[in-house]
Amino acid sequence: MNLEERNRQYAALDLVTEPVWIFDIDCRRIHWANRAALAVWSAPDLSELCGRDMGTGMSESVARRLAQYQSDFESCGASFNEQWTHYPGGKPVALNVRFSGHRLPDHRMAMFCEGRVSGLIEPESLRSVEALLHTAVMISLFSADGQALYRNPAARDSVRSPTETLKDRIVDGTAYAALVRALDEAGSVTRTLQVSTANGERWHEVSGRRCTDAVTGQSALLISEADVSAIKRTEAQARFLSMHDSLTGLANRTHLMQRFESIVASMRAVGEQAALIFIDLDQFKDVNDTLGHAAGDLLLVETAQRLRRLVRSEDLVARLGGDEFLILMVGENVRYELERIKTRLMLSVSEPMMIDNHEVRVTPSIGVSFFPDDGHDVQTLLRNADLAMYTAKARGRNEVAYYDPVMTEAVKNRTALEADLRHALDRGEFVVFYQPIVDVATGVIVGAEALVRWRHPERGFVSPDVFIPTCESTGMVHDLGRFVFRTAVAQQVAWRVAGHNLRVSVNLSPRQLLHAELLADLTQALGDAQGDACQMQVEITESMLVGRGETALELLHEIQALGIGIALDDFGTGYSNLGYLQRYPIGTLKIDKSFVQCAEANRPLAEMIVAMCRLMRLKVVAEGVETEEQLAWVRQHGIEFCQGYLFAKPLPADEFAALLR
Ligand code: C2E
Ligand code: CA
Ligand code: CA
């Protein structure tokens, strides 16, 4: 269609005084323009104007907007108004342009543009109109019944259909209702909402405000929206990271706490229960120490997967740190559910796994607490499940233990005892008792074992079996051990002065044997009291030597070099490894009372040990001799020394002195 034909077709429009032109969206060219429009476009004539390529330098957003217009013209006969500015003679003139669809003779959809000059405009309003056109913020005006009255280009780009209402746009119906309610109450509102857009579902910060439509004067709703999806995504990632363990991807402690808090009210309401299943891997430290941390990590990841596979999808599996895992189960009958998976849980965790070509196997120690029976808040429940787990470990590991209030009692007791223990030494509550060691052949007292006693102001005598382990774990055993040895040396000297040169034996605890100061302490105690090292002896147990190798050997040699004798205590209760007797500088073997006191039939092993000791020229002491029958056995097997209630119980020094007389 040439220009002449076009002029003929649109001749009537040349009579209109307002600028009118037709824009060919596909070709990016003006198809036709009336005279008034030539002035708007500052064109000398129609052929020059129609020859201009409007596509060059067109921004992408304008191109997108044009395509959107075209499809809106097609789909619903839409029309739009835009405020344009042009500059005849350098002065800005506002032009209100109305765009509507116009079908060209070849049936393509073009844009019919009618301009109305609205006069000279204020620079401020001019700029605000420009800003409205080019901002990425989506601005729309809705009538009271929800119909869109106006959308800026960004808003038009974002809608799926030009006829959609605000309600259509907001994904969550209740969120929309809440938005409207807030608008009714406060007149304005800002919410971050999920919105359906032409680009799919996005997160928008939606600000709404009741206003009046400037055109009709009727009440309207002005909505502005900014896309905050990227921020939301980063937030979500940060949230995920803060709630999960990065190694295994399981929930972490924070997540567990929050989940529990969020369900506790509803659990109470519907009478549901929860089980907190605390899982600790028994040999994890060994794997870490022998195969390295990377292998340890693999083990944790594999364990995490096994636990996840085992539980129902609604159960939460968390890693609390280190080798500690936790399963949170909620339901009407969690006890039953736990019984159902208990065996599989044990088996699945302890199933061997291949790590770096090593077959690795760890067993679980499991402690369980129940809501609401064992606690109402997550801290208490966790603490109780942890206590139960320790009980499972104490029972020999690879066990499940259920929380019982006596566990808390035991801990309270232990903590109270620990607190008292800290002051016991300063307050002089420790005393050393002595138990005679007798020469079997002559019945003469040749030595004594120093045994410490704690006179508790309220509890009375507390057994060393109770407080020594606590002193061990608190490190107090060094001070206590120093006290016992000093007292024993002084006592040995006192007896010697009184004419009884006894050999005094003092127990060492495992931790003392590790302490760098031990040798200096022993030397100092001997020096201060002018004691005779050869009449002193220390007692150690086999378990203190296992796995210690060279360092223990060296230390024992140094003790021996001071002149102090070394006895191996409680022989027969542990490994009974005769190899130790050869390897370490041990002069005395103390046969444990369980051997002495056992039935006749079980004694052959003890008899064999005694025979070996004789061959190795070790002194042998039988412990725990309580009856004449036991003494007869001791004598019959040529054991030189014995110790036990048959002769005397451990006694305070003065009572011991009476015995010597
Ligand atoms: P132990 O070294 O095996 O000490 C012998 C234990 O057997 C003592 O218990 C003693 O009272 C008891 N006993 C002695 N004769 C008989 C008997 O005929 N029958 C029975 N049934 N028992 C007998 P006690 O004094 O309660 O000491 C328990 C453990 O505490 C000791 O076992 C020792 O391992 C530890 N212990 C005691 N004093 C000290 C100390 O000063 N330092 C360290 N590190 N440990 C100590
Ligand atoms: Ca002992
Ligand atoms: Ca013993």
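For the structure, check the block above.
Residues numbered from 1 in each chain as written. Chains lettered and ligands numbered in written order. Predicted model: local features only at pLDDT ≥ 70, side-chain atom pairs only at ≥ 80, totals over all residues. Heavy atoms only, no water.

Q: Please explain the coordination of the calcium ion (ligand 3) as it appears in this structure.
A: For a metal with four tetrahedral donors the ideal donor-metal-donor angle is 109.5 degrees, while six octahedral donors give ideal angles of 90 or 180 degrees. The protein atoms that coordinate the calcium ion (ligand 3) are Asp569 (OD), Asp570 (OD), Glu623 (OE) and Glu623 (OE), at distances spanning 2.2 to 2.5 Å. Each donor residue of the calcium ion (ligand 3) belongs to the same chain, with the gaps between them written as D-D-x52-E. The metal-metal distance between the calcium ion (ligand 3) and the calcium ion (ligand 2) comes to 3.8 Å, with Asp569 coordinating both. Highlighted residues: Asp570 in strand S23 (residues 565-571) and Glu623 in the loop between strand S25 (619-622) and helix H24 (628-636), separated in sequence by 53 residues. (Donors = N, O, S within 2.8 Å, 3.2 Å for Na, K, Ca; no water. Helix = DSSP H or I, 4+ residues; strand = E, 2+ residues; numbered from the N terminus.)

Q: Teacher, can you tell me more about the environment of Thr248 here?
A: With respect to the element layout, Thr248 can be found in the loop between helix H9 (229-243) and helix H10 (253-270). C-alpha separation for the pair Thr248 and Thr303, spaced 55 residues apart in sequence, amounts to 9.0 Å. Aside from chain neighbours lying at most four places away, what touches Thr248 is Leu300, Val301, Ala304 and Arg319. At a separation of 2.5 Å, a polar atom in the side chain of Thr248 contacts the side chain of Asp245. (Contact = heavy atoms within 4.5 Å. Polar contact = N/O pair within 3.5 Å; in protein donor to acceptor, adjacent residues only side chain to side chain.)

Q: Would you take a moment to explain the sheet that holds strand S13 (residues 324-331) for this structure?
A: Each strand in a sheet pairs with another by means of backbone hydrogen bonds, the pair being arranged parallel or else antiparallel. Pairing is mixed across the open sheet formed by 5 strands, whose spatial order is S12-S13-S11-S16-S17. Here the strands that pair on one side only, and so sit at the sheet edges, are strand S12 (316-321) and strand S17 (400-402). For this sheet, the mean inter-axis angle between neighbouring strands, taken without regard to orientation, is 20°. Where strand S16 (residues 364-371) lies against S17, 3 bridges are found, and the strand directions are parallel. (Pairing = 2+ DSSP bridges. Axes fitted to C-alpha atoms, helices over the stretch in contact; angles between N-to-C directions.)

Q: In this structure, what is going on with the coordination of the calcium ion (ligand 2)? I would like to understand it.
A: Listed as protein donors to the calcium ion (ligand 2) are Glu449 (OE), Asn507 (OD1), Glu539 (OE) and Asp569 (OD); their distances from the metal cover 2.1 to 2.3 Å. Here the donor residues of the calcium ion (ligand 2) are spaced in sequence according to E-x57-N-x31-E-x29-D.

Q: Even after reading the chapter, I still don't get the side chain of Ser348, so can you show me in this structure?
A: Its location among the elements puts Ser348 in helix H13 (residues 334-350). Beyond its immediate sequence surroundings of up to four residues, Ser348 is in contact with Arg306 and Leu310.

Q: Could you clarify how one ought to interpret H10 in this entry?
A: Three or four residues apart is the spacing at which side chains of an α-helix point the same way, because the helix has 3.6 residues per turn. Compared with an ideal rise of 1.5 Å per residue, which puts 18 residues at 26 Å, H10 spans 25 Å between its outermost C-alpha atoms and is within 8% of the ideal. Taking the largest bend as the criterion, H10 deviates by roughly 40°, centred on Ile263. Packed against the buried residues of H10 are H9, strand S11 (273-281), S12, S13, S16 and helix H14 (378-394). Structurally, the start of H10 carries an N-cap: the backbone nitrogen of Thr254 is 3.2 Å from a side-chain oxygen of Asn252. Following H10 by one or two positions, Gly271 has its phi on the positive side, about 70°. (Expected span 1.5 Å × (residues − 1). Bend = angle between axes of the 7 residues up to and from the residue.)

What is shown is where atoms sit, not what they do.
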